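# Residue-level structural notes
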Amino acid sequence: MAQEDNSALDKIQERGTLIWGADAEGGAPYIFPDPENPEEYIGFEVDLANAIANKLGVTAVHKQNGWDGLVPALERGDFDIAMNGIEITDERKDTILFSRPYYIYTEQLVVRKDDNSIKGINDLKGKKVGTLSGTVAQDILENLDGVDVRIYPTQVEPYTDLAFGRIDAVLLDLPIAAFYGKPNPELKYAGDPVGEGLYGIAIRQEDEELKAKIDEILAELLRSGELKQIYEKWGLWNEAQDKLYEQMKEETGYTNANLEKSQQAPISTNIIMVQENNSALDKIQERGTLIWGADAEGGAPYIFPDPENPEEYIGFEVDLANAIANKLGVTAVHKQNGWDGLVPALERGDFDIAMNGIEITDERKETILFSRPYYIYTEQLVVRKDDNSIKGINDLKGKKVGTLSGTVAQDILENLDGVDVRIYPTQVEPYTDLAFGRIDAVLLDLPIAAFYGKPNPELKYAGDPVGEGLYGIAIRQEDEELKAKIDEILAELLRSGELKQIYEKWGLWNEAQDKLYEEMQGENGYTNANLEKSQQAPISTFFPALLKGAALTIVISVVSMTLAVTLGLFISLIRLYGRAPFTSLATAYIEIYRGTPLLIQLYLLYYGLPNIGISLSPWLAAFIGLGMNYAAYEAEIYRAGISAIPKGQMEAALSLGMSRKLAIKRIILPQALRISLPGITNDFIALFKDSSLVSIIAMVELTKTYNILASSTLRYFELGLITALLYFGMSYPLSLLARRLENRLKGKKGVI
Amino acid sequence: MSNPELTMITVKGLHKSYNDHHLFKGISLDVKKGEVVAIIGPSGSGKSTFLRCINGLENFQKGEVIVDGIRLHSINRSNPSKEDMEVIRKIRLKVGMVFQQFNLFPHMTVLENIIEAPVKVLGIDRNIAIENALTLLRRINLENKADSLPEDLSGGEQQRVAIVRSLAMKPEVMLFDEPTSSLDPEMVGEVLYVIKDLVGGGMTTLIVTHLMQFAREVADRVVVLDKGDIIETGLPDEIFINPKNERTKSFLSRIIDKQ
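This is a predicted model, so every value here is computed, not measured. (Residues numbered from 1 in each chain as written. Chains lettered and ligands numbered in written order. Predicted model: local features only at pLDDT ≥ 70, side-chain atom pairs only at ≥ 80, totals over all residues.)

A word on the overall build of chain B. For chain B, the count of helices and strands is nine helices and ten strands. Taking all 259 residues of chain B together, the buried fraction comes to 44%. (Helix = DSSP H or I, 4+ residues; strand = E, 2+ residues; numbered from the N terminus. Buried ≥ 20, exposed ≤ 12 C-beta atoms within 10 Å, placed from the backbone.)

Here it is, written out as structure tokens:
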């Protein structure tokens with residue numbers, strides 16, 4: 001990896017987002033789609049990610065990634081951190097860093113309510129017990145004698161199977177058991193939780209600075225009680241979590257220093273609360289809203305109706321108001337007020353703040369306070385594209401120049417000699433008139449020029465921006481505390497990059513804004529961690545497991561294909577020679593099975609049928625699922641083969657006194673099979689690979705074995721190559737066979 | 001009608017339509033035991049269809065076919081009753097058929113082609129069936145080809161095998177549907193030789209052919225078909241030397257010019 005200028009932490013703060021990887025398919029209560037709004041994810045890890053991001057002064061952005069691939073994706077740089085119930089293991093520590101643990105999980109055994117034979121983990125001998133691959137629960141189960149361990153792909157399925165009676169118990173992490181097992185009226189907890197593991201946030205090995213920061217934040221969340229709050233919300237708080245505190249006490253160094261710092265913080269906060277009980281800031285937080293005044297008629301890009309949803313206002317000041325309110329822990333509420341009357345209305349107490357491209361002027365400062373500037377604006381001259389006579393503000397003599405009243409631009413223009421200044425009431429009109437040739441130029445604040453002038457194909461910028469002014473948030477003179485808070489927030493937004501993000505979104509970012517940063521201090525202390533690969537076990541140690549998976553793949557494929565060719569033959573014969581209603585049924589079978597995904601068929605067969613009282617074992621479901629699906633395809637191959645046999649063959653057989661059945665069996669099929677064989681062999685090869693789909697019904701065949709091995713060792717590449725080779729080794733002989741059969745047929749005249 | 005004891009095949013008032021085409025409008029024919037009937041006529045006149053109605057390869061809408069006392073009525077082809085199927089099978093056991101395209105089973109050797117039906121349909125012991133088959137092959141001089149596949153035989157050889165394949169079922173009637181039309185000219189003779197040999201043995205035979213000389217040589221009676229109708233029937237010499245029907249005359253003059 002090349003050395004980079006910026007640490008991960010820097011990058012996070014620059015872009016203003018903390019990108020975290022997690023598998024939303026993995027499910028509740030970690031991260032899962034909100035049932036009320038499935039496009040949003042919720043879960044305790046979502047809450048935690050937001051809390052951490054908040055402390056970093058950035059926004060948390062979730063990035064979907066399959067659970068098995070989270071660590072490799074993290075290392076690849078797909079996200080800043082991975083947090084998804086990842087256990088802190090020594091094995092993983094070889095390749096990645098872990099934050100301090102954020103949750104101590106235990107494994108909870110769940111059984112059927114009517115089952116009193118299993119009272120704990122020691123009663124599992126000879127029982128079928130479901131779990132997920134790569135979990136501590138799996139380790140525990142496999143270290144027990146005589147337990148029939150069933151590996152499931154997702155969290156909900158073992159509990160469904162348990163309720164259906166396919167398995168006898170489920171051992172999984174308590175959060176999963178609490179969410180999926182406990183609410184099921186047919187299930188109950190059996191015995192006390194066993195085992196104990198730690199969830200940690202996975203961080204790239206070189207990002208030690210980020211790790212230190214996240215550790216600090218986690219300690220803070222723990223101390224402040226926020227973490228406990230999150231766990232209580234999700235029903236995950238238990239005594240085991242007390243150890244999170246114990247662990248913290250054992251820690252030394254900067255953490256202790258932080259502890260002292262934060263112990264002081266709440267006290268001082270309390271003092272302020274007591275002293276200024278009725279301050280503006282206090283009122284804002286009491287009512288939970290930050291009311292801000294702005295003139296939406298003033299227009300884009302400050303605040304204006306959303307073209308797609310005119311009842312909503314958008315604009316960069318709307319974004320900024322929301323960001324500030326967010327930092328205050330409240331909601332921003334816009335209050336409409338004409339621009340000219342914004343300051344008087346603020347003084348009257350109509351809103352908490354006014355923010356609407358109000359320039360910071362000494363004049364205004366006499367009556368109101370201004371926050372630190374949130375935007376440095378310049379005045380941009382805009383002319384018609386074909387007009388080369390105006391190259392800057394000094395070429396305006398004798399020209400008609402449009403602007404708005406009460407703006408710095410107006411001041412500039414009026415101080416120039418011989419300029420015909422035209423004052424317009426709104427922002428769009430000067431640009432329209434300019435395009436029509438009614439005026440020669442427009443001088444207005446850059447945000448306005450950027451939004452109304454630049455996109456117009458007939459207009460262009462003339463010269464560099466001139467003048468320079470500061471937009472500030474207007475605050476009542478007595479609300480000094482609020483001003484201080486807002487200044488602090490603006491500084492934070494600036495530092496975190498959120499402000500820049502907002503401006504970039506609206507095309508308002510430019511070099512001038514760098515001055516906003518001048519007060520800010522850059523961070524230093526970048527450390528480069530050395531990437532060191534741990535010693536790895538020889539790859540041959542994985543062969544037995546992979547070969548076992550391959551053997552299962554072969555068994556599944558051969559049995560399913562046998563079913564498919566038999567059933568397919570039967571179906572094609574009915575379709576070709578059957579009587580009226582059966583012919584249609586056979587056609588319907590073929591069309592339905594070919595027209596729906598195999599995956600859905602497997603789900604229906606395995607998870608759907610129990611709803612109507614039919615419970616198939618995983619083996620049976622796999623055979624029937626694959627077999628019935630492929631039967632539809634084989635039936636069509638047979639049909640093509642049979643149709644290729646000349647009519648005379650059947651007539652000759654019949655005229656020799658054969659029955660139709662005998663003629664089909666002895667004369668038609670032997671010839672049709674030869675024609676069908678290459679197609680069937682091809683399908684067999686395809687089925688070999690499709691057999692990996694049965695991993696969804698708890699069959700650990702070759703692909704699933706690979707997934708499990710690779711996710712626990714992170715050796716996706718070598719294991720992937722070996723797995724692919726195994727598949728190839730199984731299917732290539734079949735390909736050769738298919739080719740030989742085809743050649744034999746081609747070489748033979750008169751068969752078809 | 002002639003004495004039923006002596007009649008092998010009776011076709012009575014047969015009606016047959018293809019889609020919209022009404023081919024047979026009550027055609028009738030009696031064939032005596034041991035009689036050899038040649039059916040001639042222009043293409044499209046229904047000669048082959050007439051033969052195929054006799055052994056149930058074609059259905060018909062009205063009338064009946066009686067073969068050696070077994071009565072076949074019109075049948076519903078899409079959903080035939082068990083009784084109908086049984087009748088058809090009984091008739092097929094009495095009636096052998098030789099096709100223009102030979103229709104040997106390409107996946108079986110010559111010997112297997114011949115013994116397939118005797119063993120599987122009649123239940124004859126395989127060894128006996130093989131013995132019979134070899135005897136038949138000796139008769140047509142092809143015993144050395146017993147283990148060959150049909151694709152390794154000439155057209156004439158294939159048709160000769162097809163004939164003895166039918167004979168292996170010991171039929172009482174033989175239907176020949178243009179047996180030489182697919183053959184190269186130099187192979188016609190060997191097939192005609194086998195048919196003549198068979199006819200000389202007293203087998204009841206219906207033969208559809210374009211070879212007028214051959215028809216005249218082997219037939220006891222010639223039936224002239226035109227547009228699904230028997231327009232003339234008589235002794236070969238009568239038909240060929242002194243046809244009474246104008247359409248027969250014009251057909252014969254056309255076909256003899258060509259030959």
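A count of helical and extended segments in chain A gives 29 helices and 24 strands. Per-residue burial for chain A yields a buried fraction of 44% across its 752 residues. Summarising the internal contacts of chain A: among those between residues at least 6 apart in sequence, 72% fall at separations of at least 24. (Contact = placed C-beta atoms within 7 Å.)

A few words on the environment of B:V37. Residue and element names in this part refer to chain B. Here V37 is to be found in strand β3 (residues 36-40). On the basis of neighbour counts, which here come to 22 C-beta atoms within 10 Å, the residue V37 falls in the buried class. Expressed as a C-alpha distance, the spacing of V37 and D220, which sit 183 residues apart in the sequence, is 6.0 Å. Residue contacts for V37: discarding those within four places in its chain leaves V31, L206, A219, D220, R221 and V223.

Moving on: the interface of chain A and chain B. Opposite the 19 residues of chain A that make contact, chain B presents 20 residues. Looking at the side of chain A that touches chain B, the elements that each hand over two or more residues are α26 (647-655) and α27 (660-690) of chain A. Top contributing element to the side of chain A that touches chain B by residue count: α26(A), with six residues. When the residues that make up the side of chain A that touches chain B are grouped by side-chain class, the tally is eight nonpolar, seven polar and four charged. (Nonpolar A, V, L, I, M, F, W, Y, C, P; charged D, E, K, R; others polar.)

Right, let's talk about helix α5 (residues 136-143) of chain A for a bit. The complete set of buried residues in α5(A) reads A:V136, A:A137, A:Q138, A:I140 and A:L141. Buried residues belonging to α5(A) abut β7 (103-112), β8 (128-132), β9 (148-152), β10 (169-173) and β11 (187-199) of chain A.

Residue and element names in this part refer to chain A. Checked against the element boundaries, L499 lands in helix α20 (residues 498-505). For L499, a count of 25 C-beta atoms within 10 Å puts it in the buried group. Note: C-alpha distance between L499 and E14 (485 residues apart in sequence) is 10.0 Å. Aside from chain neighbours lying at most four places away, what touches L499 is L493 and L494.

Another point: the nonpolar core. Formed by 207 residues in total, the largest nonpolar core has its most connected members in A:W20, A:A82, A:V110, A:A169, A:A202 and B:I39. Each residue touching A:W20, except ones within four places of it in the same chain, is listed here: A:A49, A:A60, A:H62, A:K63, A:F79, A:D80, A:I81, A:A82 and A:M83. One finds A:F316, A:A321, A:M355 and A:I393 within the second-largest nonpolar core, a separate group that totals 75 residues. (Core = buried A, V, L, I, M, F, W, Y, C linked by C-beta atoms within 7 Å.)

All names here are of chain A. Residue-level pLDDT values for chain A average 81, and 88% of them are 70 or greater. Mean pLDDT values for the elements of chain A range from 36 in helix α11 (residues 254-275) up to 95 in α26. Note on residues 251-277: pLDDT under 50 across the span, and ten contacts to partners over four residues away in sequence or across chains. Across residues 519-536, where pLDDT falls below 50, the model places 18 contacts with residues more than four positions away in sequence or in other chains. (pLDDT = per-residue confidence, 0-100.)

Our focus in this paragraph is the confidence of the model for chain B. Residue and element names in this part refer to chain B. Mean pLDDT over chain B: 90, with 95% of residues reaching 70 or higher. The least confident element of chain B is helix α9 (residues 246-258), whose mean pLDDT is 82; the most confident is strand β6 (residues 95-98), at 96. With pTM at 0.57, the complex prediction returns an ipTM value of 0.94.

All names here are of chain A. Those residues of helix α16 (residues 408-415) lying buried are V408, A409, I412 and L413. Along α16, the residues classed as buried sweep out an arc of 135° about the axis, all on the same side. In α16, those exposed residues whose orientation departs by more than 90 degrees from the buried face are E414 and N415. The inward-facing, buried residues of α16 contact β19 (375-384), β20 (400-404), β21 (420-424), β22 (441-445) and β23 (459-471). (Arc of directions from axis to C-beta.)

In this section: the sheet that holds strand β17 (residues 353-354) of chain A. Strand pairing within a sheet occurs via backbone hydrogen bonds; the two strands may be parallel or antiparallel. All names here are of chain A. Strand order in the open sheet made by the five strands is β16-β13-β17-β24-β18, with mixed pairing throughout. Edge positions in the open sheet fall to β16 (331-336) and β18 (368-370), since each of these has one partner strand only. In the sheet, strand β13 (residues 289-294) pairs with β16 via six bridges, with the strands oriented parallel. Paired with G293 across the strands is K335, a residue of β16. (Pairing = 2+ DSSP bridges.)

Right, let's talk about the sheet that holds β6(B) for a bit. Residue and element names in this part refer to chain B. The sheet built from six strands is open, its strands ordered β6-β7-β8-β3-β9-β10 with mixed pairing. Two strands bound the open sheet, and with one partner strand each, they are β6 and β10 (229-234). Averaged over all neighbouring strand pairs, the angle between strand axes comes to 20°, with direction disregarded. Pairing analysis gives four bridges linking β3 to strand β9 (residues 221-226), with the strands arranged parallel. Along β9, the bridge assignment pairs I39 with V223. (Axes fitted to C-alpha atoms, helices over the stretch in contact; angles between N-to-C directions.)

Let us look at the packing of helix α22 (residues 543-577) of chain A against α27(A). Residues and elements named next belong to chain A. The contact between α22 and α27 brings their axes to 10 Å, and the two run at 140°. Compared by their axis directions, α22 and α27 come out oblique. Helix-helix and strand crossings are classified by hand; for α22 and α27 the assignment is right-handed. The residues of α27 that touch α22, namely those facing T553, S557, S560, M561, V565, L573 and Y577, are R660, I664, I680, F684, L687 and F688. For the contact of α22 with α27, the residue count by class is nine nonpolar, three polar and one charged. (Parallel < 35°, antiparallel > 145°, perpendicular 65-115°, else oblique. Left-handed = near helix turned anticlockwise from the far one by under 90°.)

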